[in-house]
Amino acid sequence: MSSDLEKSKNKRAMAAVPEEVLAKKRNLGREEGQEEEEKKDSPALLPMPRGSRGCFIDPRWLTAKIAKDKMDAAKLAPIPPVKIPTLEHFKPPPRFHTRALLPLRESGSKAALSAAKSLVGISSSLDIGSKPLKRCSGLLIDWDEESKTCVVLTTAHLIRTKDSPVNVWFGGEEYTSNADVTVHLLDGTSEKGQLLYYQPHYDLAFVRVKVDQPIQLPSFSEEVTFAEEVLRLGRDNMLDLRITYGRAAYQNPVIDERYHYMYFDCADDDNDDDEYDSGGLVISLDGKIVGMFNISSRGSFIPSSILLSCVDLWKKYGRIPRPQLGMAFEAIKLLEPAHVDKIWRMCHIDDGLVVQEVLKGSPADKFGIERGDIVECFNGESISNTVELENRLMNTCKGLSDNYNDLIEVHVSVGVFHTLKKQRRIGELTVSVSDLGEVIARDPTVS
């Protein structure tokens with residue numbers, strides 16, 4: 001009877017307790033239960049036993065202590081903030097918004113941002129996971145909707161493992177077609193690339209890469225005038241866009257340069273990161289591509305007229321054939337005015353190409369062309385600079401057989417003024433066709 005009364009009193013007392021108090025008690029019970037579970041999961045801290053010769057730490061206790069400290073530290077470690085690109089403090093690789101470039105801020109920014117949609121980063125290594133061999137830029141030039149793949153045009157420096165010991169006309173460069181190539185896409189992802197082909201004379205390489213989404217194909221301009229304002233674009237190792245202002249220039253090549261280049265002239269271009277721009281773009285202020293930058297001591301770039309011919313020939317033959325004349329040249333019009341005046345006074349010529357080198361045993365050598373002679377015309381048309389000559393050479397291959405194996409040699413016509421003899425001749429030369437780098441071996445120490 002008394003026990004029933006006690007139970008009844010307890011029920012009435014519980015009913016009188018507010019619901020908030022009961023809820024706190026229930027939560028407190030859950031927290032105590034969670035603490036007990038955490039204790040079970042946490043490493044046990046063992047007591048430090050005493051030995052006969054003083055205190056020592058049991059290795060088991062030390063292991064457990066380290067584990068617990070790590071667990072506690074993990075609980076207290078701050079969560080790294082999520083990077084928001086729109087709020088991130090951004091420092092551009094080379095700054096474009098400067099006072100000196102204020103007149104170009106609007107048009108230049110628009111041009112660079114438009115062309116940059118076709119510009120990616122690209123790197124190579126000799127083994128998977130090893131230190132990169134090269135890091136440069138590349139241009140997306142073609143997209144196949146069916147296979148969801150894209151072709152990237154870039155510099156063959158990407159896979160070059162050794163430079164020429166003397167200069168390019170001696171040969172000796174080495175490339176590896178087995179390099180692992182990675183294309184760094186604009187969304188921040190990276191895809192393994194497949195090297196399709198490289199051409200050592202023009203220093204170009206073609207790479208195929210998987211791209212799920214359609215790309216914006218670039219727009220080219222084949223005309224670039226002397227001293228025209230241009231922008232050089234590249235992507236650094238973080239894919240950030242590099243923009244450098246300069247002017248396009250025609251110059252005569254030095255002894256260690258091919259003669260199909262134009263040059264990017266920039267007074268403030270002392271950046272050590274120019275290597276990222278190799279394979280990058282040179283664009284006009286309307287956003288059209290006028291060339292591909294090819295890193296050198298003088299900032300050379302391949303003009304778009306030659307680039308487009310290379311792409312057309314590669315699509316036709318799977319290679320880029322080129323007639324090899326066995327000669328190197330300088331343009332008269334690009335010499336110092338006083339030098340041009342002297343040539344005119346002595347030879348009555350102020351246009352054409354001065355022969356700087358002749359390969360011994362070549363058709364040109366057999367025809368009697370010597371250093372210092374002047375080539376005034378090629379295939380019946382006057383010639384003023386080496387870029388014009390290179391375009392004529394490439395056009396010679398475009399109209400020939402569709403079978404690359406048939407392109408063994410071609411016939412070309414050159415109009416030559418023999419300087420010492422003061423005599424003009426027209427020669428028909430049968431020259432070899434190759435996609436290798438042309439070699440004109442002569443010891444540069446011999447004058």
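Numbers given for residues are sequential positions, taken from 1 along each chain in its written order. Per-residue local features of the predicted model are confined to residues with pLDDT of at least 70, and side-chain atom pairs are confined, for both listing and counting, to 80 or more; whole-chain, interface and lining totals are unaffected and use all residues. Derived side-chain values reflect all non-hydrogen atoms in the structure, with water molecules and hydrogen atoms excluded from consideration.

1. Examining the environment of Q324
Mapped onto the elements of the fold, Q324 is located in the loop between β17 (322–323) and β18 (327–331). Remark: the alpha-carbon pair of Q324 and G437, spanning 113 residues in sequence, is separated by 9.1 Å. The contact definition used throughout considers only heavy atoms, calling two residues in contact when any of these lie within 4.5 Å. Excluding residues within four positions of it along the chain, Q324 makes contact with V431, S432, S434, L436, G437 and E438. Here a polar contact is recorded for every N or O atom pair within 3.5 Å, except that within protein the pair must consist of a potential hydrogen donor and a potential acceptor, and residues adjacent in sequence are included only if both atoms are side-chain atoms. From its side chain, Q324 meets the backbone oxygen of L436 in a polar contact 3.1 Å long. The way it works is that DSSP assigns letters per residue, a run of H or I at least four long becomes a helix, a run of E at least two long becomes a strand, and they are numbered from the N terminus.

2. Concerning the nonpolar core
Take the buried Ala, Val, Leu, Ile, Met, Phe, Trp, Tyr and Cys residues and link them wherever side-chain atoms come within 4.5 Å; each set so joined is a nonpolar core. Only protein chains enter the area calculation, which uses a 1.4 Å probe; residues under 20% of their type maximum are buried, those over 50% are exposed, and those in between are partly exposed. F206, L233, I320, L325, F329, I369 and L389 are the most contacted members of the largest nonpolar core, which totals 77 residues. For this core, the two domains that each supply at least three residues are domain 1 (87–317) and domain 2 (322–434). Look past the residues within four positions of I369 in its chain and what remains in contact with it is M327, V355, V358, A364, V414, V416 and H418. With 21 residues, the next largest nonpolar core counts I122, W143, A156 and L185 among its residues. Domain limits in this description derive from either an automatic procedure or a database domain assignment.

3. Concerning the sheet that holds strand β12 (residues 241–249)
What makes two strands pair is DSSP finding at least two bridges between them. The strand order around the closed barrel built from six strands is β11-β12-β13-β16-β15-β14, with neighbouring strands paired in antiparallel fashion. Each strand of the sheet is rotated relative to its neighbour by a mean of 40 degrees, with strand direction disregarded. Relative to β12, strand β11 (residues 229–235) runs antiparallel, the two being bridged by seven bridges. Bridge assignment links R232 to a residue of β12, and that residue is T244. Along the sheet, helix α4 (residues 105–115) contacts β11, β12 and β14 (281–284); its crossing angle with β14, the most-contacted strand, is approximately 135 degrees. Here an angle of 0 to 180 degrees is reported between the N-to-C directions of two axes, which are lines fitted to C-alpha atoms, with helices fitted over the stretch in contact.

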